[in-house]
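Given next are the chains, with one letter for each unit.
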Amino acid sequence: MQLKEIFINNLRFYRKQKGMTQNELTLAIDKSYNYINSVEQGKMLPSFDVIEHICDVLKIKPAQLFDENGSPQNIKKFSKEDYINGVSEKLAEKLKILITDEIRKTVE
């Protein structure tokens, strides 16, 4: 999934979670009519300053708007198998390091 799509899904999710319409959020960030609608349709992208303002209004951290697992729409596209494999690989690498360190201590 592309970052733009993740951002749009999360923006829509957190806006709705706060019970705000697109127009209410647009007014809250002091933008022109239909601004959030245009963002959610992918017709325009907000600047960093606007993203920070949106986050202040929605009371979320900017990273939440870019988190692949931030909204239900994104979670549906989240591959459980990829996640399991990624975590397994990280744990195996850490375990390998711990075992290697213990063997070195025993040998010395």
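Before reading further, recall that the structure is shown in the block above.
Residues numbered from 1 in each chain as written. Predicted model: local features only at pLDDT ≥ 70, side-chain atom pairs only at ≥ 80, totals over all residues. Heavy atoms only, no water.

J.: I would appreciate a short explanation of helix 4 (residues 48–58) in the present structure.
T.: In an α-helix, one turn spans 3.6 residues, which is why side chains three or four residues apart end up on the same side. Within the sequence span of helix 4, burial applies to Val 50, Ile 51, Ile 54, Cys 55 and Leu 58. The buried side chains of helix 4 occupy one side of the element, clustering within an arc of 140° when seen end-on. Of the exposed residues in helix 4, those oriented more than 90 degrees away from the buried face are Asp 49 and Asp 56. Elements that come into contact with the buried residues of helix 4 comprise helix 1 (3–17), helix 2 (22–28) and helix 3 (35–40). Taken from the residues just after helix 4, Lys 59 is the one with a positive phi, measuring 60°. (Buried < 20%, exposed > 50% of the residue type's maximum accessible area, 1.4 Å probe, protein only. Helix = DSSP H or I, 4+ residues; strand = E, 2+ residues; numbered from the N terminus. Arc of directions from axis to C-beta. Contact = heavy atoms within 4.5 Å.)

J.: So what exactly am I meant to see when it comes to the packing of helix 1 against helix 4 here?
T.: Two numbers describe a pair of packed helices, the interaxial angle and the distance between the axes. Here helix 1 crosses helix 4 at 30°, and the two axes come no closer than 10 Å. Between helix 1 and helix 4, the interaxial angle falls into the category roughly parallel. As for the relative orientation of helix 1 and helix 4, their crossing is left-handed in sense. Between helix 1 and helix 4, the residues in contact are Phe 7, Leu 11, Tyr 14 and Arg 15 and Ile 51, Ile 54 and Leu 58, respectively. (Axes fitted to C-alpha atoms, helices over the stretch in contact; angles between N-to-C directions. Parallel < 35°, antiparallel > 145°, perpendicular 65-115°, else oblique. Left-handed = near helix turned anticlockwise from the far one by under 90°.)

J.: Would you explain helix 1 in this entry?
T.: The terminal C-alpha atoms of helix 1, which comprises 15 residues, lie 21 Å apart, in line with the 21 Å expected from a rise of 1.5 Å per residue. Among the residues of helix 1, those classed as buried are Ile 6, Phe 7, Ile 8, Asn 9, Asn 10, Leu 11, Tyr 14 and Arg 15. With its phi angle positive at about 75°, Gly 19 sits one or two positions after the end of helix 1. (Expected span 1.5 Å × (residues − 1).)

J.: How do you make sense of the packing of aromatic side chains when you look at a structure like this?
T.: Aromatic rings considered in pairs are described by the distance between their centres and by the relative angle of their planes. This structure, assessed with the given rule, holds 2 aromatic pairs. Relative to Phe 66, the ring of Phe 7 has its centre 5.2 Å away and its plane inclined at 35°; by these criteria the two rings are tilted. Pair noted here: Phe 7 is in helix 1 and Phe 66 is in the loop between helix 4 and helix 5 (72–77), with a separation of 59 residues, a long-range link. A relative accessible area of 4% places Phe 7 in the buried class. (Phe/Tyr/Trp six-rings, centres within 6.5 Å; stacked < 30°, edge-to-face > 60°.)

J.: I would appreciate a short explanation of the nonpolar core in the present structure.
T.: Note on soluble globular proteins: their nonpolar side chains tend to be buried together. The biggest cluster of nonpolar side chains holds 17 residues, and the ones touching the most others in it are Phe 7, Leu 11, Leu 25, Ile 29, Ile 54, Leu 58 and Leu 65. Residue assignment for this core shows that the elements contributing at least two residues are helix 1, helix 3 and helix 4. Per-element accounting of this core gives the leading share, 5 residues, to helix 4. Leaving out residues up to four positions away in the same chain, Leu 65 has contacts with Ile 6, Phe 7, Asn 10, Leu 11, Tyr 14, Ile 51, Ile 54, Cys 55 and Ile 60. (Core = buried A, V, L, I, M, F, W, Y, C linked by side-chain atoms within 4.5 Å.)

J.: Looking at this structure, I do not really get unusual backbone geometry. What am I missing?
T.: Negative phi values dominate among residues other than glycine, just as trans dominates among peptide bonds. With a phi close to 70°, Asn 34 is a non-glycine residue in the positive phi region. Following the sequence through the fold, Asn 34 ends up in the loop between helix 2 and helix 3. One non-glycine residue, Lys 59, lies in the positive phi region at around 60°. Examined against the element boundaries, Lys 59 turns out to sit in the loop between helix 4 and helix 5.

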